[in-house]
Structure formats: structure tokens, C-alpha cells
Amino acid sequence: MDRAAGAVLGMLFLLSARPWSTAVAGSPWAGGWSPRVSDKYQWLQIDLGERMEVTAVATQGGYGSSDWVTSYVLMFSDGGRNWKLYLREESLSGFPGNTNADSVVHYRLEPPFEARFLRFLPVAWNPKGRIGMRIEVYGCAYRSEVVNFDGKSSLIYTLNQKSVSPTKDVISLKFKTRQTNGILLHREGQNGKHVTLELVKGRLILSLNSGHANLPSPDARVTLTLGSLLDDQHWHSVLLELLNAHVNFTVDRHTQHFQAKGGSRYLDLDDEISFGGIPGHRKSVVFPHKNFHGCFENLYYNGVDIIDLSKKRKPQTLVVGNVSYSCSHLQIVPVTFLSSSSYLALPGASGEDKVSVAFQFRTWNRAGLLLTSQLKHGSGALVLVLNDGKLKLSLSQPGHPSRDITAGAGLSDGQWHSVSLSLKGSHLSVMVDGEAASVAHSLRGRIDSGDTYYLGGCPDSVSGSGCGGPLGGFQGCLRLISIGDKAVDPITVQQGALGSFRDLQIDTCGLTDRCLPSYCEHGGECSQSWDTFSCDCAHTGYLGATCHSPLYEQSCEAHKHRGDSSGLYYIDSDGSGPLEPALVYCNMTDTTGTSVQHNGSHLARVKSSDGESPHPVAFKYTASMDQLQAIIDRADHCQQELAFHCKKSRLSARHDGTPVSWWVGRTNETHTYWGGSLPDAQKCACGLQGNCLDSQYYCNCDADRNEWTSDTVVLSHKEHLPVIQVVMRDTGRPHSEAAYALGPLLCWGDNSFWNSASFNTETSYLHFPTFRGEFSADVSFFFKTTAPSGVFVENLGITDFIRLELHAPSEVTFSFDVGNGRCEVTVRSPTPFNDNQWHHVRAERNVKEASLQVDQLPSETQAAPANGHARLQLNSQLFVGGTATRQRGFLGCIRSLRLNGLALDLEERATMTPGVEPGCPGHCSSYGHLCRNGGRCRERHRGIACDCTFSAYDGPFCENEISAYFGSGSSVIYNFQEHHNHTFGKNSSSLAALFHEDLTLTGEMATLSFRTTGAPSLLLYVSSFYEEYLSVILAPNGSLQIRYKLDRNQAPDVFNFGFKNLADGQFHQVKIHREAAVVSVEVNQNARRQVILSSGTEFNAVKSLMLGTVLEPPGADPDTLRAGARGFTGCLSAVRFGPAAPLKAALRPGGPAPVTVRGHVAAAARCAEGAGPGAPAREATRPLAGGAGGSGPRDGGQPLVTADGSDSAVIGGVIAVVIFILLCITAIAIRIYQQRWLYHKNESNIPKHGDHAETALRSELNLQSTVSESQKEYFF
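The text that follows walks through the structure, step by step, so that each part is easy to find. (Residues numbered from 1 in each chain as written. Predicted model: local features only at pLDDT ≥ 70, side-chain atom pairs only at ≥ 80, totals over all residues. Heavy atoms only, no water.)

Overview of the overall build of the protein
Alright, step 1. Check the secondary structure of the protein and you find 15 helices and 88 strands.
Alright, step 2. Evaluated residue by residue, the protein yields a buried proportion of 52% over its 1276 residues.
Alright, step 3. Accessible area of the protein: about 56,900 Å², with a carbon and sulfur share of 51%. (Helix = DSSP H or I, 4+ residues; strand = E, 2+ residues; numbered from the N terminus. Buried < 20%, exposed > 50% of the residue type's maximum accessible area, 1.4 Å probe, protein only. Areas by Shrake-Rupley, 256 points an atom, 1.4 Å probe, with all protein chains shown as cover.)

Section: helix H12 (residues 1118-1126)
An α-helical turn contains 3.6 residues, so a residue and the one three or four places further along point in the same direction.
Alright, step 1. Among the residues of H12, those classed as buried are Thr1120, Ala1123 and Gly1124. With its buried residues spanning 100° around the axis, H12 presents them on a single face. Projecting away from the buried face of H12 at angles above 90 degrees are the exposed residues Pro1118 and Ala1125.
Alright, step 2. For H12, the secondary structure elements touched by its buried residues are strand E76 (1017-1024), strand E77 (1029-1034), strand E78 (1040-1045) and strand E84 (1102-1108).
Alright, step 3. If you check the start of H12, you find a side-chain oxygen 3.2 Å away from the backbone N of Asp1119, and it comes from Asp1117.
Alright, step 4. Two residues or fewer past H12, Gly1127 is found with a positive phi of approximately 70°. (Arc of directions from axis to C-beta. Contact = heavy atoms within 4.5 Å. Polar contact = N/O pair within 3.5 Å; in protein donor to acceptor, adjacent residues only side chain to side chain.)

Focus: a nonpolar patch on the surface
Alright, step 1. Taken together, the side chains of Leu568, Tyr570, Leu583 and Tyr585 define a hydrophobic patch exposed on the protein surface, amounting to about 380 Å² of accessible area.
Alright, step 2. If you list the elements that add at least two residues to the nonpolar patch, you get strand E43 (567-571) and strand E44 (582-587).
Alright, step 3. As for its placement among the helices and strands, Tyr585 is situated in strand E44. (Patch = residues over 30% accessible without salt bridge, like charges linked within 9 Å, V, L, I, M, F, W, Y side chains within 5 Å. Salt bridge = Lys/Arg side-chain N within 4 Å of Asp/Glu carboxyl O.)

Overview of the sheet that holds strand E48 (residues 661-664)
Alright, step 1. Pairing within the open sheet is antiparallel, and its three strands lie in the order E49-E48-E51. Every interior strand has two partners, whereas the edge strands, strand E49 (670-671) and strand E51 (725-728), have only one.
Alright, step 2. Note: E48 against E49, two bridges, orientation antiparallel. Residue pairing for E49: Trp663 is matched across the bridge by His671. (Pairing = 2+ DSSP bridges.)

Observations concerning the nonpolar core
Alright, step 1. Ranked by size, the top nonpolar core spans 49 residues in total, and within it Phe966, Phe1010, Leu1020, Val1022, Leu1030, Leu1040 and Leu1107 carry the most contacts.
Alright, step 2. For this core, the leading source of residues is helix H13 (residues 1142-1147), giving four residues.
Alright, step 3. In this structure, Leu1107 is in contact with Phe966, Ser970, Ser971, Val972, Leu1019, Leu1020, Leu1132, Val1135, Pro1142 and Leu1143, ignoring residues within four places of it in sequence. (Core = buried A, V, L, I, M, F, W, Y, C linked by side-chain atoms within 4.5 Å.)

Some thoughts on the sheet that holds strand E86 (residues 1155-1158)
Alright, step 1. The seven strands are arranged E79-E78-E77-E76-E84-E73-E86 in an open sheet whose pairing can be described as antiparallel. Where the open sheet ends on each side, the last strands, each with one partner, are strand E79 (1053-1057) and E86. Looking at each pair of strands side by side, their axes are set apart by 10° on average, direction ignored. (Axes fitted to C-alpha atoms, helices over the stretch in contact; angles between N-to-C directions.)

Focus: the environment of Leu904
Alright, step 1. In this structure, Leu904 sits in the loop between strand E66 (902-903) and helix H9 (906-910).
Alright, step 2. According to the relative accessible area criterion, Leu904 is buried, its value standing at 15%.
Alright, step 3. Distance in space between the C-alpha atoms of Leu904 and Asn755 is 8.4 Å, their sequence separation being 149 residues.
Alright, step 4. Setting aside anything within four residues of it in sequence, one finds Leu904 in contact with Asn755, Phe768, Leu878, Leu897 and Leu899.

Thoughts on the pattern of salt bridges
Two side chains carrying opposite charge are able to pair once their charged atoms lie near each other.
Alright, step 1. According to the stated counting rule, one finds 31 salt bridges in the structure shown.
Alright, step 2. Here Glu794 ties to Arg803 by a salt bridge, and the two come within 2.7 Å at their closest N and O atoms. The same class applies to Glu794 as to Arg803, namely buried.
Alright, step 3. Arg888 is paired through a salt bridge with Glu805; the nearest N and O atoms lie 2.7 Å apart. One end of the pair, Arg888, is in the loop between strand E64 (878-880) and strand E65 (892-899); the other, Glu805, is in strand E58 (residues 801-808), and 83 residues separate them in sequence.
Alright, step 4. Using a relative accessible area of 45% as the deciding quantity, one classes Arg888 as partly exposed.
Alright, step 5. The structure contains a network of salt bridges with shared partners spanning Arg51, Asp78, Lys176 and Glu297.

Focus: the side chain of Gln475
Alright, step 1. Structurally, the position occupied by Gln475 is in the loop between strand E34 (452-455) and strand E35 (476-483).
Alright, step 2. From its side chain, Gln475 meets the backbone oxygen of Leu338 in a polar contact 3.3 Å long.
Alright, step 3. Look past the residues within four positions of Gln475 in its chain and what remains in contact with it is Phe337, Leu338, Ser339, Ser340, Thr363, Asn365 and Trp530.

Looking at the state of the cysteines
Alright, step 1. The final tally for this structure, using the stated rule, is 14 disulfides.
Alright, step 2. For Cys515, the disulfide goes to Cys526, at an S-S distance of 1.9 Å. Judged by the sign of its S-S torsion, about -80°, the bond between Cys515 and Cys526 is left-handed. Residue Cys515 is located in the loop between strand E38 (504-506) and strand E39 (525-528), and its partner Cys526 is located in strand E39; the two are separated by 11 residues in the primary sequence.
Alright, step 3. Two residues share a disulfide in this structure: Cys556 and Cys586, whose sulfurs sit 1.9 Å from each other. Of note, the bridge from Cys556 to Cys586 carries an S-S torsion of about -75° and is left-handed in sense. With a gap of 30 residues between them, Cys556 in helix H6 (residues 556-560) and Cys586 in strand E44 connect regions that are remote in the sequence.
Alright, step 4. A relative accessible area of 1% places Cys556 in the buried class.
Alright, step 5. Since its relative accessible area comes to 0%, Cys586 is described here as buried. (Disulfide = S-S within 2.5 Å.)

With respect to the packing of aromatic side chains
Alright, step 1. Applying the stated criterion across every chain, the model contains 37 aromatic pairs.
Alright, step 2. Geometrically, the ring pair formed by Tyr86 and Phe113 is tilted, given 5.4 Å between the ring centres and 45° between the ring planes. Placement of Tyr86 in the loop between strand E5 (84-85) and strand E6 (95-96) and of Phe113 in strand E7 (residues 105-125) is noted, with a sequence separation of 27 residues between them.
Alright, step 3. A relative accessible area of 6% places Tyr86 in the buried class.
Alright, step 4. Over the face of the ring belonging to Trp838 we find Arg895, whose NZ or CZ atom lies 4.6 Å from the ring centre.
Alright, step 5. The lysine or arginine in question, Arg909, covers the ring of Phe768, its NZ or CZ lying 4.6 Å from the ring centre. (Phe/Tyr/Trp six-rings, centres within 6.5 Å; stacked < 30°, edge-to-face > 60°. Lys NZ or Arg CZ within 6 Å of the ring centre and 35° of its normal.)

Concerning the environment of Glu553
Alright, step 1. As for its placement among the helices and strands, Glu553 is situated in the loop between strand E42 (549-550) and H6.
Alright, step 2. A relative accessible area of 24% places Glu553 in the partly exposed class.
Alright, step 3. The sequence separation of Glu553 and Asp572 amounts to 19 residues, and the corresponding C-alpha distance is 6.0 Å.
Alright, step 4. Here Glu553 is in contact with Ala558, His559, Arg562, Tyr570, Ile571 and Asp572, once residues within four sequence places are set aside.

Notes on unusual backbone geometry
Alright, step 1. The omega torsion of the bond from Glu110 to Pro111 falls at 0°, within 30 degrees of zero and hence cis.
Alright, step 2. Turning to its location among the elements, Pro111 is positioned in strand E7.
Alright, step 3. Following Ala1015, the chain continues to Pro1016 via a peptide bond in cis, the omega torsion being 0°.
Alright, step 4. Its place among the elements puts Pro1016 in the loop between strand E75 (1003-1012) and E76.

Re the environment of Arg130
Alright, step 1. With respect to the secondary-structure elements, Arg130 resides in the loop between E7 and strand E8 (134-141).
Alright, step 2. Distance in space between the C-alpha atoms of Arg130 and Ser65 is 9.3 Å, their sequence separation being 65 residues.

With respect to the pairing of strand E87 (residues 1161-1164)
Alright, step 1. Burial along E87 is two-sided: the face carrying Val1161 and Ala1163 and the face carrying Ala1162 and Ala1164 are both buried.
Alright, step 2. Relative to E87, strand E72 (residues 963-966) is paired through four bridges, and the arrangement is antiparallel. Bridge pairing in E87 places Phe966 opposite Val1161.

Concerning the pairing of strand E73 (residues 971-975)
Each regular strand shows side chains that alternate between the opposite faces of the sheet.
Alright, step 1. With five of its five residues buried, E73 lies for the most part within the structure.
Alright, step 2. Residues of E73 alternate between two faces, with Ser971, Ile973 and Asn975 on one and Val972 and Tyr974 on the opposite face, all of them buried.
Alright, step 3. Where E73 and E86 come together, four bridges link them in antiparallel fashion. Each residue of the ladder has a partner; that of Ile973, found in E86, is Thr1156.

Let's talk about the side chain of Ser77
Alright, step 1. Mapped onto the elements of the fold, Ser77 is located in strand E4 (residues 69-77).
Alright, step 2. Looking at Ser77, its side chain comes within polar contact range of the main-chain nitrogen of Gly80, at 3.0 Å.
Alright, step 3. Ignoring any residue separated from it by four or fewer positions in sequence, one finds Ser77 in contact with Asn82, Trp83, Ala115, Arg116 and Phe117.

Laid out in C-alpha cells, this is it:
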């Protein structure tokens, strides 16, 4: 319809308006509609004469006046009863109106609707005037075919070949009903296959049965559920598309998709479709069903008008029972209680000696007052409440305890529930949904009906008898109200002829399902009340008001830079995106590794004992394919190791090179190349390196030897990983066998965590496509700057926008507008953000609230307005680091920018943008604190590295303690002069001369940790060329003693710290810090002591540090000599004296080291993880071999064995060697005999399945190698 016609139609609408208000001021010809009383109970109703499609509305104020409406709601109806509220853009707030009397405000209705009657209800108006409206309505004619089912009838359509689509079936219809249950359509096939659309409790359920008995039950039977409150006697649209194995199901613009598994198809069904019910001759459907009672409109199957065929009595249709081709309008008038202060007051049945009340209600609220009445003559009070989803009826009489009856359960489910209560004589009964709850209470005296019954609440002037209680008023809908067996007409109440009310909507049920669509993401469970909804995010892996925020980090790299150690972690690669978290192993090395396991890590034998190759088995990973792809895409490098074992089994055919073995990657593509080679090269790694067993082949297995050979390959093309299947086909020949083992998927790095850009001018910015975050939007990133302000991110719409900015040096602001006005959330910090360190920002906006968090500061949150607009509509480019106006641009660095979990490649865009550079240096200022225990932070292009050279720890953050188990008589000697020569020979720093012979130390820091049960013990001894020393010992009673001798001519200072017995097998830590004569000692991080030295303030010419046994150190006191001779037996760790770490030098050989190791000193696990009290200090150790220092100095040339020079020790050693050789020869002979016996046994009896087969194969593979090695040992 053109605009001129629309204007004429609008004027006709205005002429036909019949406002139900009691008075009309002025004439429509003069100034439009303006009621005499301006309140929220006025409306303008329009009768279009017939149902039409309404597409737009426009409003003006009263002509030449100060009367206009600033906000209104629009309702519509087919028959002038049972009105429905039009929801605009998922908002309950209605339409913004006019700001003056003359301007026209036009709204296009998306979606349009069909109705005969329209009703405009002013919500707010000019406070200096009155309600005034001129209205235009735009639309076009609407034609439809309808059919009415009476609950016992159905319509059967028989398909003909012309209407059958070979590729898809499309069924569309509209329906309306006030019944909660009924079959809409049904179609069957063979073996129980069927498609059924059924209304159950006001929701549509599509049931799909594939008829495949061999499929698991969840795959064979599928149900899709859509819609809610569909029994509201309004039209609802349904679209069902069946495309072989794919199903699209749409109800009122909400769609669900389903993809069938196992080859299921839903098109090969019988040629009959029944609508409105299931005919009696259909016996295969075993579930109970009820026929549909209501109306269908415009029923189409693949474009065929079924209702039109039925009206014309075409042979393709068959009517079962009574159907009619018109749709009647039921005159049931519901009442909506809008707020907790709403009420409906109705007069009682005077003169009756009984109480009888009945009604139906529906609500989402679990509690509220439904009914209260004060009985006549002071005979008592009656109160009916909804509490915790149950009805509770209380009758109180003077001088007697209250009598309570509880009935029903789960009544706050949004369904209609019928309630009737009666009280007569001594009989009190309550019935809920047809079931009696309780009867026969002994009542006192005569019971007379009250004068007034209050439903839903009470007036302010009434108190007691349930009014003003803690439960509050009822919010929901009532209908079919009767008092004293007489039905109440709410229209008479609305017209003022009966009772009174407050804050009601009459002739409509305004109950809205706020969980449809559900804004709870990631499987969060939605629950609701009258005016809000909430999400239960338990066990989802997400947080927030709508379960949008990820609970887990997005990569192992992010975990690492939180300071987490290696271990199993959940990671969420796409953040707030649709993928669930995945469980992976994070290996926190210099380059962070991510490992994903699968179910086939064991050795798989390809050939069964019966000579037939088994069917290839697909590998199942602990993450889905989508999760794996996300992990791989984020990684810098990925690989998988695949080990082949072959016995007369080839990877490629002998002559033409045709592959007989291959592997299948992520995209189900077959690959014939092997590790270290280019795709499709069909060469193993040995073929490229030229070191295969047979030079004429490119793989060891292709040599086709009658013995076990192997190829170990590494697959590293990210686009093809992970491996989901391995196929080896050359196992059909006699004596041919093969096996393989696939390692986990290993990935390193995170290419988005360090992805950054530097913004050098205020007018520079990066632009990206429009941000799509209509109902949920989150933005996260890191920034660092020295500028006082600047915009990080901005995206604009016509009126909507979203912006994140540094508003002031200590303020970050998140602002947006979705149509409810500008909203701002600000986080303020006690310290400035422009400190040139990385700060993390995360902002989120959803339909419930907006939140902003910066670093670990408290999150700021602002709730969304009730019933406001929810959709964020943007259309401009996304600006990063600036704005569309090139003002207030950001100066500094932005890193790891993610929008709704999607990472933006800042570096790629920065390479082509003037004023912006890819990357951003300077990470140590923010992450340097992760380098612990004296480790030094080193800058990298992407991140940091911790240099642990001068730390007693190692690992990516210098937090892995270096521990050693000391056996009896063992020792480690660290020479500082050689440390100076080797470590600082090429360094001119102050540390280069720290331990020079002529250097005087005025202070030092020493740390160590230990666990032992021996006392006395020497923990640490530092000597000098001048017979000065520091000794740390455990006295015979296990107490800690520290002795400083800083003057060779004086006795040592001895400090006995009266702590508990430290030789108790527990882990203890000691830290000693000296500054001149002041010595501070800390034990186990809490016991601190401070002492003053008298022997001196300078430690001169430090020579060496000794751990363990120290034999007769020159100038030492007797207690130190005794402890040194006893040495130390147990575990030592984290030993450090100044920059020297003697255990690291001994246990981490990597070049010339000034350390000598004597006796049994072995690398151990962490000392802190040892045995309990009283247990021997034993460790899972790795003995040192070849000298800890590689080429360090050795006493007598053999520092790794005890060398005390005694003859008895030498003789004992010779005897031990002879016995050891004899035992070895005996063991070799026994081993060869056992191997040969096992070989013959395996040849004759090979296990067939499971772990036995793997064990047998591993035994045989080990046998071949071991027999060969044993033979060599034997002949030697």
C-alpha cells in the first residue's frame, strides 16, 4: 500500500475508533483523540472491519495543543477480546511516542502481525498537558483459509507424486488454541519411523523416530522443543523443513536445527499425513496422544493448500469427525495483575452461610497472595496464598488455632491451574486441578460469606487477614472467576459497574516467558519470575548473569603467565564462544606446550591371529574436533609422533610406489606422506635424511624384511592434524604383521596471546568489520600506556554504540547505548593506569547487566533497565585505538584483543596501517615478577624468558628447586675462584670480581633447604684463604647452629638457635642475611632471629663452599670439625651463597664448572615431597655419572667415587667389582635362556585381543632387540 492510501486508511481508522473511556474530549476532526481523564487506564481502540496485516504505525499529538503521548503500548485482537501485547525488538517497554504535538513518529513493525482490532494504551504523556493522539496505521489485506478441530476430529492428506519432493518436505501452518495439549500433525513410515508434532503443556514438541533399531536410543528417537504459552488463544506460526537427514523447526521466528546420525532419513515415509490427530487405524504409535482442539490457518504441504483442498472435498483429503472452516472467538476474559500492589476487590454473596470461590491462575512467581476475605460476624478470616509453588489455605477463627491446608505442587510453572475452595458448616475443602487436597476440619460456629473478596492483593486501607504480609501480592493472570457459584464478568469491573481494582490489565493475560528465547548461554539453566529471569551456571564452565564469561583461561600460555605450574588444566580456546572447555596437559617450559590425549596411545596390532586385518579404528581425543581445531589454530607449532613396527609389511608397494598404508587427518582427507616430509611426498623421515636400512627404499618398513623394523615419524602440518585414523593394509601375506603407536597431539605457543600493536599517533587506528554482539558482547584485551586518556575500542550504530576508553589516568570507562539511553560503567584505581605496564581489561554487556573489570580490582556492575531494549545494533566499522572522528585516540600498546572470544589479528592489520606498528616491546615490567628466586627477566619478541643462571632454582620461572640426595660420606665442593674465572672471565660487571681473592665481603645472602634424620650434620661450610669461615650445622640434639669466624685471630661467633629438633625428617628452609656485623636468620619462613657478630664485619678472600662431608677444614672449631666429619645424609635443595648455586653446578652440567663431587650424590625430586617424620630420607634419585661438572676438577682424577686413600677401601672395592662381574655373567646367561624360551612360547601361543595382544607384541619387539644385545654381551 502506498503512503497516500495508508494515510486515508489511517483517517478511516480514526473515525471508527470507539474509546472505552467514559468520556471523549473534543472532536476527532478538530484535534484527534483526547480523553477527559488522563490516566493509565485510557486507550484508543480501532476496528479494521476484518483481519488485516498491519505493517507500521505513526502517531502525532493533539492538533494545536500541548497534548501528546510520549510512550505507549500497542495491543491487538481478532475478536475484540483477549488482547495481546505487541513486543518490539524483544522489549516490553512499548513504543517511544512524540515530543511535541505536530511531529510524526513512524515505526515499521518487525515482524508485522494480523488482526482486526488494535488498541493504543498511553503509558506516559506531556506533564504540562493531557493525553492526545492522532494515529495512522499502515498495512494491507490479508486472506486466509482456516479449519476448526473440535478435539475429536482430524484431517488426512494423501500425497500424490506431484507434491512429493525428492529432496525436502516443507510444512507450514498457523494455529491457535486454549488447550494445553494436542496433536498437530503425524506421519508414519516403516519399522516405527514417524514424525509427530504435538502441543504439550503449551509447548510444541517435534518427535522424530528414525526406525533404526540398531541405533542407540538417543540417536533413534529425537525430540525438539520450541515455544511457550502457546495455549493463549492467539495465532502462532510453525515451519517444518525436512531435508533427508537435516531438520529445521521454527515456531514464531525461533528455530532449532537437527542433523540426524547413522544415515537416518525422514523423507521415506508413508504417503499419508494426518493433521489435528492420529487416526484410529494407525496402530504403530504407542505414546498416549490427544487430538487438537482449536484452529489451523494457511496449512501448506510443499506449497499445496491443504485446507482449500478439504473445503473443495478433493479426493486427496479425508475428514475424520466434525471439522468446520471458520474459527470462533471464545469470550473468556483474563485479568493481569501487573505488580505486587495490584488487587481486584469483588463483592461476596451476602446472606449465604457458605463460602465458595473458584478461578484459574497462571504465574511464574513462587509466592504471592491469591485470595483473602474477612468472614461476617467476626467468624474468622480466609487466606489463600501461593508459597514455594504450593497452595496454602488458612482459616483463622477467634480463640482457635489457624487451620491450614496445603495443596498442589509446582504451580509456578506458567501453566493454567484451576482452584476451587468451599467452606460450609464443618466441611472445608480445596481442589487444585481436579484433585481434592483435604477435607473435614472441625470448625467452630456459623460460617457466613464475607462482604468483600480481595484477589491478588489488598488496598492500602486494608490490613490483617493476609494483607501486608511478607509474601506480597500476586503477579500473574486470573480467569474464570466465580464467587458464590456466580461467574464474574471482568468487563463489568473494567466499566466500573462491579467491584474495584488497581494496576490491572483486563481482557489480556500479560504473562511473558522470559526464558524464551533463553539468554542463558552454554547450557545454563533459565528460571524466571514475573519481571526477571536468572541463569544457573553450575557445571557449565562459565560465569556471569547469563553464563557468558569463561571460567577458564584460553590457553596454556595464559596459565603460564599467571604463574601456574605444569599440570592438567581446562582451557577454553574460544573464550565466551560456543566451544566448551577442554581438558589438556600444560607443560610449562620455555615454550609452553599443550598436550591432548586420545584413546589409542597403546601399541595397536594391525593383524589378528586369524590372518585378517581388523577394521581401522578412529582415534577419539579428550577434546572435540572443533576444540582441537581451535587449539591448533591458536598454536605456533603442532605435531604428532607416529611409530610404525613392520614385519614383512610395507608402507608403499614395491614397484609403482602405490601407498598401501596411510593416515586420515582432521578433515577426513587421506594422507600418504610421513613425518618430516612435504605432503604427498610418500617418504619417511629416513628417506629424506638418506639413512634408511635399505638405501633403495624411502622407508625402513618398505625393505620388506622378515624381522621387525620400525619407522618413527613426526607429523607437523597443522592443517592436517590431528590424526584420526591410521590404515595399514599390507598384512595379508604369510608372516606379515604390523603395529603402530600414535602419540598425543602436541602444540606449542599461543599466537594470539602476544598479538599486539603500538599506536604512535592520536589520529591512528585499526579498523575491523562490525562487531556482532546483539544480546551478549564482551571485549577483553591488555593495554599499556603513558598517556592520560584515549579510546581503546569504539563501534557505532545509528543511535546505538559501544566504547571502551581510558577516561582519566586512573579511570577506565565502558559506555554503550542499546536504545535505553547512555549507560556508563567505570573502574577507578588507587594507582594510575598509565604506568607503562600491562593492564588487563574485560567488559561485558548482556540483557541483564553490564560489567567492567580491570586487573584484580573489584568488578563494577550496572543492571539493565527492566523491560528495556535489549538488542545492540551496530553498523559502522570497529575502531581499535581510535574513533571515527579521529579524536581522543589511544597512544600506547594493545595486546590480545578478543571480542566474544574471537581474537583479532592486530599485527597483520598494523603492517598496512600508517601510524601503527605491529608488536610491542617491554614485557618484563609487567611479567618480571614471575621470575622468582633470583631469576632475571629477559625480553622476547613474544613474551619473556627467565634467566636462572644466578638462581638456585631452574624451570621456566626459576621455581623448580634443585635437590640432591647425599649418601654417607658424600660431598660437593664449589670453588669460587674457578667460578670467577669461568663465569666472569668475559664479563666486566661488578659480579665478575665478587669472589676475587683480594675482595672483602661486607655482607652476603645464603639460603638452603634440607630434610634429614641425622645429627650432628654439616649443612653448609664456606671457607676463605685466610681461615675465615661460615658453618651451618645441626647440633647433636638437632638444633640449628650458625658459626661465623671473620677474624682468624679470634674465636668464632657461635649462635645456637633454640628451635625444635630440625633432624626430624621434615622439610626445613634456612635463610641467612648478613650486613656487616648484623646477621638475620629465618627458619621455615616464619621464625626470625637477629644477632650481632663480635669477630668482625668482613668476610675476606672467600675460597670454596662445601656441602656434606668436610675433612679437617683448617681453623675450624671442634663442633664444626665433628659435624664435618659426620657430613650430611639426606636431601639438600635450593642452596645458594650470593650468586653461586653449587647444586645447580653439580646437577646441571653445561660447561666448565668449578665443582667437585665425591661419593653418592644423586639428583632427587623436590625435598619438600619426602617422607614423614621418622622415615629415612630416601629419594627417587638419578645418580650422577661422569662428574657433575663435566670437566671440573677431581680429587685423584675420580671425584664420583669415595677416595679416602685407605687400603681397606681399595680391597673392599676390588671384591665388590669381582662379585658384581660374576653376578652380571650369571644374569646374562639366565636372561638369554628366558628370552629364547619366551620367543618359542610366543610363536606358538600369541594372544588375540586387548592388553594381552599388546603385551605379547611388545615382548616380541623387545625380544629381538634384547637377544641381539645379549648375544653381543655374551661373546664379549
